[in-house]
Amino acid sequence: MMNKRSLYTTFGMLIAALLLWAFQTKRSDIKVFLAGDSTMSIKEQKAYPEAGWGMPFVHFWDSSVTVVNKAKNGRSSRTFIEEGLWQSILQEGKAGDYVFIQFCHNDEVPTKKSYTKPEEYKNNLRRFVDDARSKGMTAVLMTPVSRRKFDAQGQQEETHPEYIAYIQEVAKEKKVLLFDMNTATKALYQQFGEAQSKWLFLQLKPGEHPNYPEGKEDNTHFNELGARLVAQLVLQEIKSQLPELYSRTVNRTKK
């Protein structure tokens, strides 16, 4: 029969073993999928220094997170589905994964082949949310990043008024998380000001980069600095609205 000292020793060893097991047990691996357009996508070398915010976004996470960037240049919510890109996310995703959904730039322009009529656009967003939930994934709708456009008084203007309202409508209807990247990026550009906000975009003078020998003046697509700052804005939304996912960032897991 065990004496009290032996019992306490055995009990203490058991507790220590359980604590060690809990500490060493690796949390389950997850994927974070990015579904969107050129403002989010990975760029080919010939496009540099253009960068989508999804490129620096991959560097925030610990080894339990894999970022899968499915965003493609020129895609709208409709063409993303038609080309099978959305289906590929559903095939690769599993319960516990996340999918961030940001479409608008190519949906809202009637002259583009990617144009999506308002009701179809809303139905596509509904489909994204419903499909993701059916897989046990967490869907996040995102308003589009703003284009750089200042008025005569030096104030950043609204560049996506109609389709942003549709995103907000669907997010409310579906009770799904919404990251308001339009508001966040407008504030970012305003902070830099009309002239210095050019530093965030693909703005080059002739001869400055061999990929753009004639120069480039683009107020939609980011350079590497702009992409990184926008990725940081996305991370702030994650910290605020998805604390479990934020706990998997590199700095958090080191603490």
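If you're wondering where the values come from, they're calculated on a predicted model, not measured in any experiment.

Draft legend 1. Region of the structure containing the sheet that holds strand 3 (residues 98–102). Pairing is parallel in the open sheet, where five strands are placed in the order 2-1-3-4-5. On the outer flanks of this sheet lie strand 2 (65–69) and strand 5 (177–179), each paired with one strand and no other. Neighbour to neighbour, the strand axes of the sheet diverge by 20 degrees on average, direction disregarded. Here three bridges tie strand 4 (residues 138–142) to strand 5, and the two strands are oriented parallel to one another. From the neighbouring strand, V140 faces strand 5, where its bridge partner is L177.

Draft legend 2. The packing of aromatic side chains, seen in detail. Counting across every chain of the model gives 13 aromatic pairs. Considering the side-chain rings of F57 and W61, the 5.6 Å spacing of their centres and the 65 degrees angle between planes classify their relative orientation as edge-to-face. In this structure F57 comes out as buried when scored by relative accessible area, which is 0%. The exposure class assigned to W61 is buried, which follows from its relative accessible area of 7%. Through a chain of ring-to-ring contacts, the aromatic side chains of W53, F57, F60, W61, F100 and F179 assemble into a single cluster.

Draft legend 3. Highlighting the side chain of T159. Mapped onto the fold, T159 is located in the loop between strand 4 and helix 6 (161–174). A residue is classified by how much of its surface remains accessible, and T159, at 15% relative accessible area, is buried. For T159, the side chain forms a polar contact with the side chain of S146, separated by 3.3 Å. Within the local environment of T159, its side chain forms a polar contact with the backbone nitrogen of R147, the two atoms lying 3.1 Å apart. Other than its neighbours up to four places away in sequence, T159 contacts E108, S146, R147 and K149.

Parameters and conventions
Residues numbered from 1 in each chain as written. Predicted model: local features only at pLDDT ≥ 70, side-chain atom pairs only at ≥ 80, totals over all residues. Heavy atoms only, no water. Pairing = 2+ DSSP bridges. Helix = DSSP H or I, 4+ residues; strand = E, 2+ residues; numbered from the N terminus. Axes fitted to C-alpha atoms, helices over the stretch in contact; angles between N-to-C directions. Phe/Tyr/Trp six-rings, centres within 6.5 Å; stacked < 30°, edge-to-face > 60°. Buried < 20%, exposed > 50% of the residue type's maximum accessible area, 1.4 Å probe, protein only. Polar contact = N/O pair within 3.5 Å; in protein donor to acceptor, adjacent residues only side chain to side chain. Contact = heavy atoms within 4.5 Å.

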